[in-house]
Amino acid sequence: MRTIRLGAGAGYSGDRIEPAIELAEKGALDYLVFECLAERTIALAQQARLKDPASGFDPLLAARMRAVLPICARNGVKVVTNMGAANPAAAARATRTLAREVGLANLRVAAVTGDDVLAQLRASDAALDNGGRISTLGNRIVSANAYIGAKPIADALAAGADVVITGRAADPALFLGPLIHEFGWAMDDWTMLGKGTVVGHLLECAGQITGGYFADPGVKDIPDLARLGFPIGEVREDGQLVVTKVAGSGGSVTSRTVKEQLLYEIHDPKLYYQPDVVADFSQVRVEEIGPDRVRVTGGAGAPKTGLLKTSVGYVDSFIGEGQISYAGPNAVARGKLALEIVRERLALTGVRASETRYELIGVDSLHGAASIARDPYEVRVRVAGRTETLEEAARIGNEVETLYTNGPAGGGGAWKSAREIVAVASTLTPEGAARPSVSFAD
Amino acid sequence: MKLREIAHSRTGDKGNISNISVIAFDEADYAHMRAHVTVERVAALFAPIARGKVTRYEMPNVAALNFVIEDALAGGVTRSLAQDAHGKSLSSLLLDLDLPAPTEGAGA
């Protein structure tokens, strides 16, 4: 039975590049896939594009492409990525230019566009997952992008693309697209689309299935994390998957690493909503069949809903923050005193914050009141507040910094920030609103 | 005993919702985990952090439970004031849960 080898070259926009090079060189891959879009990335990219029409795509696109394209061309590996962010067409042009520079004059680079549904969404008054509505955001909206599916990616490959660059596509679709293209799976073959979604879901976070985000010394040890390798999915025509990695790379692939990733960011395992299918993980089986080889079977699927998850980016607020450290005897008490001083000074100086946090890093900053009290040797005071203006946000950090000369004994290492927050809310859009299309860069 | 002695866990985030998996190291411990790592206990543990509903999905196919906790991420990663805006560290809180020791030979 035919098998296609998919490699995951990135699990987020800032991910390491060396494992992608290793995969391109030694992975015997058919496809190298880079997943680089988090919930907010595209909204920030859209802001960049408004300032410069030639920008708006992943800042590491050139570095990644320069590193892997010559190797991929030599080894016959095609590249699929969502590094197009808010401007896939410009990303494709940049990749085409770069390809010429490295001697790949004939490389065919396709852009998938049509995920931007801002114009259609403005006309509606859709409900958002944060309890608000589109209309209440008004001119604060920065972007609205629907998660499109695997079909346009498969179409681009069928048209001869060596590199396919999308904007907002469902992460698993970056892997499902090549499978649809290679195996000719029908777009209403819900079982195969479900199995392909399991493949994409497991691989899309790259190192998270090969031992990243897993190690706990003495409990769950992972060898050679510094050289953590990224995964390879060997996918058979019947949808069976074997997860593995390049021999000699760091990390490990075990039933434990695979199970953690299977459940990562899912809700009801019977209903994993995707643009092309509702995938069902409830009968998935995970078996170790060799060193760093795990077989995954049993994925299933049901008909798609016809609705696309859509991320709406909007200017939300400003966040101001300050930190300062205390160490040694009585450090916790001095940290608590510092928090009380800042709380009172912000009130005295009239800084309006709709939401605040006063916490001690090392004591309760991660789990709040659920934390188990054990006095640490050192603590770091942290105050954060949400404001309507940048000026007020800046005053929060300043009131932490002033603790140097106006607070408890021995405060050191003060740090502050004030930043605008572009937040993301979600809504559902009828799939007809998105019009995916494929174009090739000259 | 602590839950971490028989299970491992990973946290994921979607908007303002956290999901925390609990996966038995040994499939034989799944029944014990299923009996004692209940919605009520998890909701009580996370009450100081999360304001929303807790739902548990059972996955006997991989000897795992999946807890979905709503309104758990201070508005979600894109606007949260929290240091750990994703809630990545929440799995460590769940693994600290106290469990009764399994009865001898009653693992399955």
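Scroll up for the structure.
My aim in this report is to walk through the structure given alongside it, one point at a time. The structure presented is a predicted model; accordingly, all values stated were derived computationally and were not measured.

### Details of the pairing of strand 8 (residues 241–245) of chain A
A regular strand places its side chains on the two faces of the sheet in alternate fashion.
Residue and element names in this part refer to chain A.
Line of reasoning, step 1. Of all 5 residues that make up strand 8, 5 are buried, and the element is covered over most of its length.
Line of reasoning, step 2. Here strand 8 shows no split at all, with L241, V243 and K245 on one side and V242 and T244 on the other all buried.
Line of reasoning, step 3. In terms of strand pairing, strand 7 (residues 231–236) meets strand 8 through 5 bridges, oriented antiparallel. Bridge assignment links I232 to a residue of strand 8, and that residue is T244.
Line of reasoning, step 4. Connecting strand 7 to the next strand, strand 8, in antiparallel fashion are 4 residues, including G239 with a positive phi near 90°.
Line of reasoning, step 5. Here 3 bridges tie strand 8 to strand 12 (residues 293–297), and the two strands are oriented antiparallel to one another. For V243, the partnering residue across the bridge sits in strand 12 and is V294.

### Some words on the sheet that holds strand 13 (residues 300–302) of chain A
Residue and element names in this part refer to chain A.
Line of reasoning, step 1. Reading across from one edge, 9-10-13 is the order of the 3 strands in this open sheet, with antiparallel pairing throughout. Across the chains shown, the open sheet's two edge strands, defined by having one partner strand only, are strand 9 (272–273) and strand 13.
Line of reasoning, step 2. When strand 10 (residues 278–280) meets strand 13, the two strands line up antiparallel, connected through 3 bridges. Its bridge partner being in strand 13, V278 is matched across the sheet by A302.
Line of reasoning, step 3. This element, helix 9 (residues 190–203), spans strand 9, strand 10 and strand 13 of the sheet and lies at about 120° to strand 13.

### Some remarks on the sheet that holds strand 2 (residues 17–24) of chain B
Residue and element names in this part refer to chain B.
Line of reasoning, step 1. If you trace the 4 strands from one edge of the open sheet to the other, you get 1-2-4-3, paired in antiparallel fashion. Taken across any chain shown, the strands that pair with only one partner, and hence form the sheet edges, are strand 1 (7–14) and strand 3 (54–59). For this sheet the average axis-to-axis angle between neighbouring strands, irrespective of direction, equals 20°.
Line of reasoning, step 2. Direction of pairing for strand 3 relative to strand 4 (residues 64–69): antiparallel, over a ladder of 6 bridges. Considered in strand 4, the bridge of Y57 is made with N66.

### Concerning the pattern of salt bridges
Residue and element names in this part refer to chain A.
Line of reasoning, step 1. Scanning the entire structure with this criterion turns up 34 salt bridges over all chains.
Line of reasoning, step 2. Measuring nitrogen to oxygen at the nearest pair gives 3.7 Å for the salt bridge that ties R16 to E18.
Line of reasoning, step 3. According to the relative accessible area criterion, R16 is partly exposed, its value standing at 27%.
Line of reasoning, step 4. Note that K220 and E260 form a salt bridge whose closest N and O atoms lie 2.8 Å from each other. Highlighted residues: K220 in the loop between helix 9 and strand 7 and E260 in helix 10 (residues 255–262), separated in sequence by 40 residues.

About the criteria used
Residues numbered from 1 in each chain as written. Chains lettered and ligands numbered in written order. Predicted model: local features only at pLDDT ≥ 70, side-chain atom pairs only at ≥ 80, totals over all residues. Heavy atoms only, no water. Buried < 20%, exposed > 50% of the residue type's maximum accessible area, 1.4 Å probe, protein only. Helix = DSSP H or I, 4+ residues; strand = E, 2+ residues; numbered from the N terminus. Pairing = 2+ DSSP bridges. Contact = heavy atoms within 4.5 Å. Axes fitted to C-alpha atoms, helices over the stretch in contact; angles between N-to-C directions. Salt bridge = Lys/Arg side-chain N within 4 Å of Asp/Glu carboxyl O.

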